[in-house]
Amino acid sequence: ALPQARLTIPLSTQIFHPYLIPKEIFLRFGLEEEQVKSYNFYDVFIWLHDFKVDKEFVEDFYRKNQLDKSKPLILIREEEFKSSYVKKKYPLLYEGLNRLHKVFDANYVIIPRYDSEPLKEKFPFATVIDEKIHVQHLMAVADLFIGGGGTMNAESCFFGTPTISTRSFISHYDKALIEAGLMEHVRTIDELIYKAKKLVGKRFNDKANEFFGKMKEDIEKLAEEILSV
């Protein structure tokens, strides 16, 4: 359990959580069952359920960054290595990306966690986004998403885009996405390259619709419950 959870959960009056996380996780911290309430959706569903791809935005991005439309689009997202729940900056994604580039010709686009300049120096063959943009438009049309985080991996899965997790651990959310056939997790560079070449260009729209389609959001009801605590 994270230090933050140990410090905050025992002091909580109510806990609201996605159904993907077992209630038992919270009960371990001394809460009573009536204090723990689940809601029937994964958080990314809230802001993506009515999302529409802006094709003009995608076209402008390709044109601005001189990307080749005939090549696959591979998006990359770093792990949040400065966070308290990641022990260090793991080399898997960075070394794997350099090797993948040598064996697979594609448009590589990196979505930085922090500074973009070090990534531009390390990966001169890639387009490194250095301004705030709605990357979801790119995720929805990408041929592959390789991510070390949680939220963007889930967003990619929502769009049915083949997704590979290079995260240094597997969360309950990751486990659910993997079991649904929407994401794969890798631990080695060889595994990353093999699965990237295997998955690029595939779509998992049916699986995404099956997984996310059963979710229902009632924000007003949830807000009322939260405000009534």
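Presented here is a report on the structure given in the accompanying data block.

Cut-off values and rules
Residues numbered from 1 in each chain as written. Predicted model: local features only at pLDDT ≥ 70, side-chain atom pairs only at ≥ 80, totals over all residues. Heavy atoms only, no water. Salt bridge = Lys/Arg side-chain N within 4 Å of Asp/Glu carboxyl O. Helix = DSSP H or I, 4+ residues; strand = E, 2+ residues; numbered from the N terminus. Axes fitted to C-alpha atoms, helices over the stretch in contact; angles between N-to-C directions. Parallel < 35°, antiparallel > 145°, perpendicular 65-115°, else oblique. Left-handed = near helix turned anticlockwise from the far one by under 90°. Contact = heavy atoms within 4.5 Å. Nonpolar A, V, L, I, M, F, W, Y, C, P; charged D, E, K, R; others polar. 1 Å grid on protein atoms, 1.4 Å probe; cavity = no way out; pocket = protein on both sides within 12 Å on 5 of 7 lines; lining within 4 Å. Points joined across faces, edges and corners; volume = space filled by probe spheres on them. Buried < 20%, exposed > 50% of the residue type's maximum accessible area, 1.4 Å probe, protein only. Arc of directions from axis to C-beta. Polar contact = N/O pair within 3.5 Å; in protein donor to acceptor, adjacent residues only side chain to side chain. Patch = residues over 30% accessible without salt bridge, like charges linked within 9 Å, V, L, I, M, F, W, Y side chains within 5 Å. Areas by Shrake-Rupley, 256 points an atom, 1.4 Å probe, with all protein chains shown as cover. Lys, Arg positive; Asp, Glu negative; His and termini not counted. Charge placed at Lys NZ, Arg CZ, Asp CG, Glu CD. Pairing = 2+ DSSP bridges.

**Observations regarding the pattern of salt bridges**
Once the charged atoms of two side chains with opposite charge are near each other, the side chains can pair.
Turning to step 1, where the next piece is worked out: Counted by the stated rule, this structure contains 14 salt bridges.
Turning to step 2, where the next piece is worked out: With a shortest N-O distance of 3.7 Å, lysine 195 and glutamate 191 are connected by a salt bridge. Of this pair, lysine 195 and glutamate 191 are both found in helix α10 (residues 189-199), four residues apart, which corresponds to roughly one turn of the helix.
Turning to step 3, where the next piece is worked out: Among the charged side chains, a network of salt bridges with common partners joins Glu117, Lys120 and Asp130.

**Re the packing of helix α5 (residues 92-103) against α10**
Turning to step 1, where the next piece is worked out: Here α5 crosses α10 at 45 degrees, and the two axes come no closer than 9 Å. Classified by the angle between their axes, α5 and α10 sit oblique to one another. The element α5 and its partner α10 pack so that their crossing is right-handed. Mapping the contact onto sequence places Leu92, Glu95, Gly96, Arg99, Leu100 and Val103 in α5 and Ile189, Asp190, Leu192, Ile193 and Ala196 in α10.
Turning to step 2, where the next piece is worked out: Looking at the contact of α5 with α10, its residues break down into seven nonpolar, one polar and three charged.

**So, the layout of surface pockets**
Turning to step 1, where the next piece is worked out: Considered as a void within the structure, the largest pocket measures approximately 1,100 Å³ in volume.
Turning to step 2, where the next piece is worked out: Around the largest pocket sit 34 residues that line it, and Leu2, Ile21, Phe169, Ser171 and Tyr173 are the ones nearest its centre.
Turning to step 3, where the next piece is worked out: Listed by contribution, the elements that provide at least two residues to the lining of the largest pocket are α1 (3-8), β1 (15-18), α2 (24-27), α3 (44-48), α8 (151-158) and α9 (172-179).
Turning to step 4, where the next piece is worked out: Looking at the lining of the largest pocket, its residues break down into 19 nonpolar, eight polar and seven charged.

**Concerning α9**
Turning to step 1, where the next piece is worked out: Three or more residues of α9 are buried, namely Asp174, Ala176 and Leu177. An end-on view of α9 places all buried positions within 160 degrees of arc, on one side of the element.
Turning to step 2, where the next piece is worked out: Looking at the buried side of α9, the elements it contacts are α8, β8 (183-185) and α11 (205-213).
Turning to step 3, where the next piece is worked out: The N-cap of α9, judged by a side-chain oxygen 3.3 Å from the amide nitrogen of tyrosine 173 a few residues on, is serine 171.
Turning to step 4, where the next piece is worked out: Just downstream of α9 lies glycine 181, where phi reads positive at about 80 degrees.

**Points about a negative patch on the surface**
Turning to step 1, where the next piece is worked out: Where like charges cluster on the molecular surface, the negative patch consists of Asp50, Glu217, Asp218, Glu220 and Glu224.
Turning to step 2, where the next piece is worked out: Relative to the assigned elements, glutamate 217 resides in the loop between α11 and α12 (219-227).
Turning to step 3, where the next piece is worked out: With relative accessibility at 31%, the residue glutamate 217 sits in the partly exposed group.

**Here's the deal with the sheet that holds strand β7 (residues 163-165)**
Turning to step 1, where the next piece is worked out: Within the open sheet, the six strands sit side by side as β5-β4-β3-β6-β7-β8. Their pairing is parallel. Each of the sheet's edge strands pairs with one partner strand only, and the pair in question is β5 (127-128) and β8.
Turning to step 2, where the next piece is worked out: As judged from the three bridges shared by strand β6 (residues 144-147) and β7, these two strands associate in the parallel manner. Paired with phenylalanine 145 across the two strands is threonine 163, which belongs to β7.

Don't take any of this as a statement about function, it's just geometry.
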